Amino acid sequence: MQISLKIEGLDTVRKLMEKLSGPQLTQAMAKGVNDAAYEVRRKMQAEMASVFDRPTPYILRSVQVKQATPETLSSTIQPTYYGGKGIDPQQILRAQEAGGTRHDKRSEVALRRAGILPAGYQTAIPEKPLAGSDDGRGNLRGPFLVQLISYFQAFGEQGFRANMTAKRKANLQKGNAKTAGVRYFVAYGKMRDGKTSHLAPGIWAVVGVTGADVRPVLMFVRKAQYKPRLSMEGIAGKADADNYLAKRLRYRIRQAAGV
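Residues numbered from 1 in each chain as written. Predicted model: local features only at pLDDT ≥ 70, side-chain atom pairs only at ≥ 80, totals over all residues. Heavy atoms only, no water.

Draft legend 1. Structural context of the overall build of the protein. Within the protein, the regular secondary structure consists of nine helices and seven strands. Within the span of the protein, comprising 259 residues, buried residues form 37% of the whole. When contacts within the protein are restricted to residue pairs at least 6 apart in sequence, long-range pairs at least 24 apart make up 58% of them. When the accessible surface of the protein is totalled, it reaches about 15200 Å², and 51% of it is carbon and sulfur. (Helix = DSSP H or I, 4+ residues; strand = E, 2+ residues; numbered from the N terminus. Buried < 20%, exposed > 50% of the residue type's maximum accessible area, 1.4 Å probe, protein only. Contact = heavy atoms within 4.5 Å. Areas by Shrake-Rupley, 256 points an atom, 1.4 Å probe, with all protein chains shown as cover.)

Below you can see the structure in the form of structure tokens.
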């Protein structure tokens, strides 16, 4: 989303504008544009918090303002990716604005590459997550996800040393004084015959030593089609961006003129 400077609604301060030097005027205008940009940013974050189910702080904080300068009197408000391990927020939000399917997560790519996640499927956390597995926002905790991928030897060639050894699996299954042992397995439901065909497709956990406590960990679901839920034009409308911009320009010009 981009806000561009429009010299409208400034008749009441036109005489003041004529009194200002070129640098004074452009600096005042840049401040006015940035005021409006940060207002739109606040509205965008509020809209995201309203329409999304428990959005992560990472997504909300990703909305950044590229500030206007006296030389470039326009400002851009958009999700920004700074690299690292997270997914580009623009990829996440693009499906929410335009609809369609979401991109695969890195964990899904790894599980599919290892032959665990079937083609045409993505993953979803069960309604009642395995204790300690989720972050409370509908996502698996990073350390738990690493453990899961490691358990199924799903790390690629560069990360193969992170794959769990048979000894580590045995220790995990034994547990300790504070944590019950756990063993993970994959079920494919009706897609394949076998002892686990009665279970929904996904990764399951056997907790404890009896083998009777079986809990869902990560379900395999067909790729969903998302309906558009986020409208950039609608956000600009709610922020009343044009009028707010004109208002802040008038204020900043009066401020620069000492009125």
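Having seen the model, we can carry on.
Draft legend 2. Structural context of the sheet that holds strand β6 (residues 202-207). Pairing is antiparallel in the open sheet, where four strands are placed in the order β4-β7-β6-β5. With one partner strand each, in any of the chains shown, β4 (121-124) and β5 (182-187) form the two edges of the open sheet. Between one strand axis and the next, the sheet turns through 25° on average, direction left out of account. For β6 and strand β7 (residues 213-222), the ladder comprises six bridges, and the chain directions are antiparallel. Residue Val-206 lies in a different strand from β7, and its bridge partner there is Val-214. Sheet contacts for helix α5 (residues 106-113): β4, β6 and β7; angle to β4, the most-contacted strand, approximately 125°. Against the sheet, helix α6 (residues 142-151) touches β5, β6 and β7, its axis set at about 70° to β5. (Pairing = 2+ DSSP bridges. Axes fitted to C-alpha atoms, helices over the stretch in contact; angles between N-to-C directions.)

Draft legend 3. Main features of the packing of helix α2 (residues 22-51) against helix α8 (residues 232-239). Running from N to C, α2 and α8 point in directions that differ by 120°, and their axes come no closer than 9 Å. Here α8 runs oblique to α2, going by the angle between their axes. Crossing geometry of α2 relative to α8 is assigned as right-handed. For the pair α2 and α8, the contacting residues are Val-40, Lys-43, Met-44 and Glu-47 in the first and Met-232, Ile-235, Lys-238 and Ala-239 in the second. Split by residue class, the contact of α2 with α8 holds five nonpolar, no polar and three charged. (Parallel < 35°, antiparallel > 145°, perpendicular 65-115°, else oblique. Left-handed = near helix turned anticlockwise from the far one by under 90°. Nonpolar A, V, L, I, M, F, W, Y, C, P; charged D, E, K, R; others polar.)

Draft legend 4. Local environment of unusual backbone geometry. Here Gln-153, not a glycine, exhibits a phi torsion of approximately 55°, which is positive. Looking at the secondary structure, you find Gln-153 in the loop between α6 and α7 (166-174).

Draft legend 5. Structural context of the nonpolar core. Judged by nonpolar contacts, the single largest core of 25 residues is most densely connected at Leu-148, Tyr-184, Ile-203 and Val-217. In terms of residues, this core owes the most to one element, α6, which gives five residues. In contact with Tyr-184, not counting residues within four places along its chain, are Leu-130, Phe-144, Gln-147, Leu-148, Tyr-151, Phe-152, Leu-172, Ile-203, Trp-204, Ala-205 and Val-217. Of all hydrophobic cores here, the second largest spans 14 residues; its members include Val-13, Ala-28, Ala-36 and Ala-68. (Core = buried A, V, L, I, M, F, W, Y, C linked by side-chain atoms within 4.5 Å.)

Draft legend 6. Summary view of the packing of aromatic side chains. Scanning the entire structure with this criterion turns up four aromatic pairs. Between the aromatic rings of Tyr-151 and Phe-152, the centroid separation amounts to 5.3 Å while the plane-to-plane angle is 70°, which identifies the pairing as edge-to-face. Among the residues examined, Tyr-151 registers a relative accessible area of 7% and is labelled buried. Judged by relative accessible area, which is 16%, Phe-152 ranks as buried. Ring centres of Tyr-188 and Phe-220 lie 6.2 Å apart, and the angle between their planes is 45°; this geometry places the pair in the tilted category. You can see Tyr-188 sitting in the loop between β5 and β6 and its partner Phe-220 sitting in strand β7, a full 32 residues away along the chain. Look at Tyr-188 and you get buried, because its relative accessible area is 10%. Above the plane of the ring of Tyr-151 lies Lys-169, whose end atom (NZ or CZ) is 4.8 Å from the centre. (Phe/Tyr/Trp six-rings, centres within 6.5 Å; stacked < 30°, edge-to-face > 60°. Lys NZ or Arg CZ within 6 Å of the ring centre and 35° of its normal.)

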